[in-house]
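# Coordinate analysis (summary)
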Amino acid sequence: RRNRKRANSERERLRQIIDVLPQLVFSKSESGTYLLANEAIADAYGTTVAELEGSTDADFADSEEEVEQFRADDRAVIESGEPKYIPEEPLTTDDGDQRILATRKIPYDPVDKDGDAVLGVATDITELKQREAELEMQSAAMEASMDGISILDADGEYIYMNEAHASVFDYDPDELMGSSWQRLYGESEVERLEQEVFPKLETAGQWRGETVGRRCDGTPVDQEITLSLLED
């Protein structure tokens, strides 16, 4: 009785742990029946853990293609006995939103069930993929800009610049990456920027005005510049 009580206690503790995880945690049998499911995957399907366990994806999923792919991946893991990582797979939720998951599946031997099974953990990376797409779009726009655009770190070193910015000084971007901005200005202009411009930039968060840079051959180049502080 003590052993049974201890086992039930451990099972309840495991249930509490997996239900608070943001990842979708599940185990499915060879037939595709859910042996284990946490609240995250039940919420995605718009059901409860009790209803999902003992059912299959086909009972809740709206997409037949997704169900077929889930089954194919599950079978591949069970038949091969090897783990499988799916870097991106879609899951259509009960409200019609399509989420992107990164899923890892491993062979699993359920202690209280006959037959082989698969254990999976899926992380929702939808926002990450959307952010990556936004960054790619912004990067493409910056590269296509006729204006010189650059980003410097807290030490004043270039961590990004487009072709237009480097061409102002007759350099290639690779030649300037990691360099200090001071490399592109004479001593008197560096002193003016540090003593007059940067204090205004710190106070207002932005500064616009004219500066005189220095090309790679040492000749001066007049510029109109806008400086803006970035929070991150």
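Just above, that's the structure.
Since this is a predicted model, take the numbers as computed values, not measurements.

By size, the foremost hydrophobic cluster in this structure holds 17 residues, and its most contacted members are Leu-24, Tyr-34, Ile-41, Tyr-45, Leu-52 and Leu-91. Of all the elements in the fold, those that place two or more residues in this core are strand 1 (24-29), strand 2 (34-37), helix 2 (39-44), helix 3 (49-52) and helix 4 (64-80). Among the elements that take part in this core, helix 2 stands out by supplying four residues, more than any other. When sequence neighbours within four positions are dropped, the list of residues in contact with Tyr-45 reads Tyr-34, Leu-52, Asp-57, Phe-60, Ala-61, Phe-70, Leu-91 and Asp-94. Counting residues in hydrophobic clusters, the runner-up holds 15 residues, among them Leu-184, Tyr-185, Leu-193 and Trp-207.

One pass over the structure, following the stated rule, counts 13 salt bridges. A salt bridge links Arg-15 to Glu-53; the nearest nitrogen and oxygen atoms lie 2.7 Å apart. Of this pair, Arg-15 sits in helix 1 (residues 2-20) while Glu-53 sits in the loop between helix 3 and helix 4, and the two are 38 residues apart along the sequence. The exposure class of Glu-53 is partly exposed, given its relative accessible area of 26%. A salt bridge links Asp-73 to Lys-84, with the nearest nitrogen and oxygen atoms 2.8 Å apart.

This next bit is on the sheet that holds strand 2. Ordered by their spatial adjacency, five strands build an open sheet running 2-1-5-4-3, and the pairing between neighbours is antiparallel. Among the strands making up the open sheet, the edge pair consists of strand 2 and strand 3 (84-92). On average, each strand axis in the sheet is inclined to that of its neighbour by 25°, with strand direction left out of account. Across eight bridges, the pairing between strand 4 (residues 98-108) and strand 5 (residues 117-124) is antiparallel.

Of the two faces of strand 8 (residues 206-214), the one lined by Trp-207, Gly-209, Thr-211 and Gly-213 is fully buried and the one lined by Gln-206, Arg-208, Glu-210, Val-212 and Arg-214 carries no buried residue. Taken together, the nine bridges between strand 8 and strand 9 (residues 220-228) define a ladder with antiparallel strand orientation. Paired with Val-212 across the two strands is Asp-222, which belongs to strand 9. In textbook terms, the turn of a hairpin is the stretch between consecutive antiparallel strands, and for strand 8 and strand 9 this stretch comprises five residues, one of which, Gly-218, has a positive phi near 95°.

Attention now moves to the packing of aromatic side chains. Counted according to the given criterion, the structure contains five aromatic pairs. With a centroid separation of 6.3 Å and an interplanar angle of 75°, the aromatic rings of Phe-26 and Tyr-34 are classed as edge-to-face. The same class applies to Phe-26 and to Tyr-34, which are both buried. Relative to Tyr-185, the ring of Phe-169 has its centre 6.2 Å away and its plane inclined at 70°; by these criteria the two rings are edge-to-face.

What counts as what
Residues numbered from 1 in each chain as written. Predicted model: local features only at pLDDT ≥ 70, side-chain atom pairs only at ≥ 80, totals over all residues. Heavy atoms only, no water. Core = buried A, V, L, I, M, F, W, Y, C linked by side-chain atoms within 4.5 Å. Buried < 20%, exposed > 50% of the residue type's maximum accessible area, 1.4 Å probe, protein only. Helix = DSSP H or I, 4+ residues; strand = E, 2+ residues; numbered from the N terminus. Contact = heavy atoms within 4.5 Å. Salt bridge = Lys/Arg side-chain N within 4 Å of Asp/Glu carboxyl O. Pairing = 2+ DSSP bridges. Axes fitted to C-alpha atoms, helices over the stretch in contact; angles between N-to-C directions. Phe/Tyr/Trp six-rings, centres within 6.5 Å; stacked < 30°, edge-to-face > 60°.

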